[in-house]
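# Residue-level structure breakdown
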Amino acid sequence: MEPTPRYITDTEGNKLAVVLDLPAYRQLLDQIEELEELQAYDKAIADDDEEIPFETAMLEIEGQEI
């Protein structure tokens, strides 16, 4: 079941923000993280650079030391 967003509006009824329950928010963050990983993978495939192990690539993407 898709969560129903609730909106915070100004006095004129213009939507200013959205309120999600915590599980929906966490799910959204997980999906964003997965999308970023897929985009990084697609970029790596498109580049003709030297191949590196997946674990090394993920550490670099996450900004961690190798």
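For every chain, the first residue of its written sequence is number 1, and the numbers climb from 1 along that sequence. Confidence filtering applies because this is a predicted model: local features only for residues at pLDDT of at least 70, side-chain atom pairs given and counted only at 80 or more, and all residues used for totals across whole chains, interfaces and linings. As a convention, hydrogens and water are excluded, and side-chain values are obtained from all of the structure's heavy atoms.

## Things to note about the overall build of the chain
To be explicit about the condition: Comment: elements are numbered from the N terminus, with helices defined as DSSP H or I runs of at least four residues and strands as E runs of at least two. When we talk radius of gyration, it's over C-alpha atoms, and the globule rule is simply 2.2 Å times the number of residues to the 0.38. When accessible area is computed with a 1.4 Å probe and restricted to protein chains, residues below 20% of their type maximum are described as buried, those above 50% as exposed, and intermediate ones as partly exposed. Values of accessible area rely on a 1.4 Å probe in the Shrake-Rupley scheme; residue burial ignores everything except the protein chains shown. Here the positive residues are Lys and Arg and the negative ones are Asp and Glu; neither His nor the chain ends is included. The atoms used to mark charge sites are NZ of Lys, CZ of Arg, CG of Asp and CD of Glu.
Along its length, the chain carries two helices and two strands. For 66 residues, the compact-globule formula gives about 11 Å, and the C-alpha radius of gyration of the chain, at 18 Å, lies well above that figure. Counting only C-alpha atoms and orienting by the principal axes, one finds that the chain spans roughly 55 × 25 × 25 Å. The 66 residues of the chain split such that 5% are buried. Accessible surface, the chain: about 6,300 Å² in total, of which carbon and sulfur atoms supply 53%. Distance from the positive charge centre (4 side chains) to the negative charge centre (19 side chains) of the chain: 15 Å.

## Re the environment of Asp21
In plain terms, the rule: Counting of polar contacts relies on pairs of N or O atoms within 3.5 Å, with two restrictions inside protein: one atom must be capable of donating a hydrogen and the other of accepting it, and residues adjacent in sequence are counted only when both atoms are side-chain atoms.
Within the element layout of this structure, Asp21 appears in the loop between β2 (15-19) and α1 (22-46). Look at Asp21 and you get partly exposed, because its relative accessible area is 39%. C-alpha separation for the pair Asp21 and Gln31, spaced 10 residues apart in sequence, amounts to 16 Å. There is a polar contact of 2.9 Å between the side chain of Asp21 and the backbone nitrogen of Ala24.

## Regarding a negative patch on the surface
To be explicit about the condition: Patch membership requires over 30% relative accessible area and the absence of a salt bridge. Like charges are linked within 9 Å, and nonpolar side chains (Val, Leu, Ile, Met, Phe, Trp, Tyr) within 5 Å. When a carboxyl oxygen of Asp or Glu lies within 4 Å of a side-chain nitrogen of Lys or Arg, that pair is called a salt bridge.
Taken together, the side chains of Asp30, Glu33, Glu34, Glu36, Glu37 and Glu62 make up a negatively charged region of the molecular surface. Relative to the helices and strands, Glu62 resides in the segment after α2 (54-61).

## Side note on the pairing of strand β1 (residues 6-9)
To keep things clear, this is the line we draw: Whether two strands pair comes down to DSSP finding at least two bridges between them.
Here four bridges tie β1 to β2, and the two strands are oriented antiparallel to one another. Bridging across to β2, Arg6 finds its partner in Val19. Where β1 folds back onto β2 in an antiparallel hairpin, the turn is made up of five residues, including Gly13, whose phi is positive at roughly 90°.

## Digging into α1
Inclusion rule: The length a helix should cover is 1.5 Å for every residue beyond the first.
Between its first and last C-alpha atoms α1 spans 36 Å; for 25 residues at 1.5 Å apiece the expected length is 36 Å, and the two agree. N-capping of α1 is provided by Asp21, with a side-chain oxygen placed 2.9 Å from the backbone N of Ala24.

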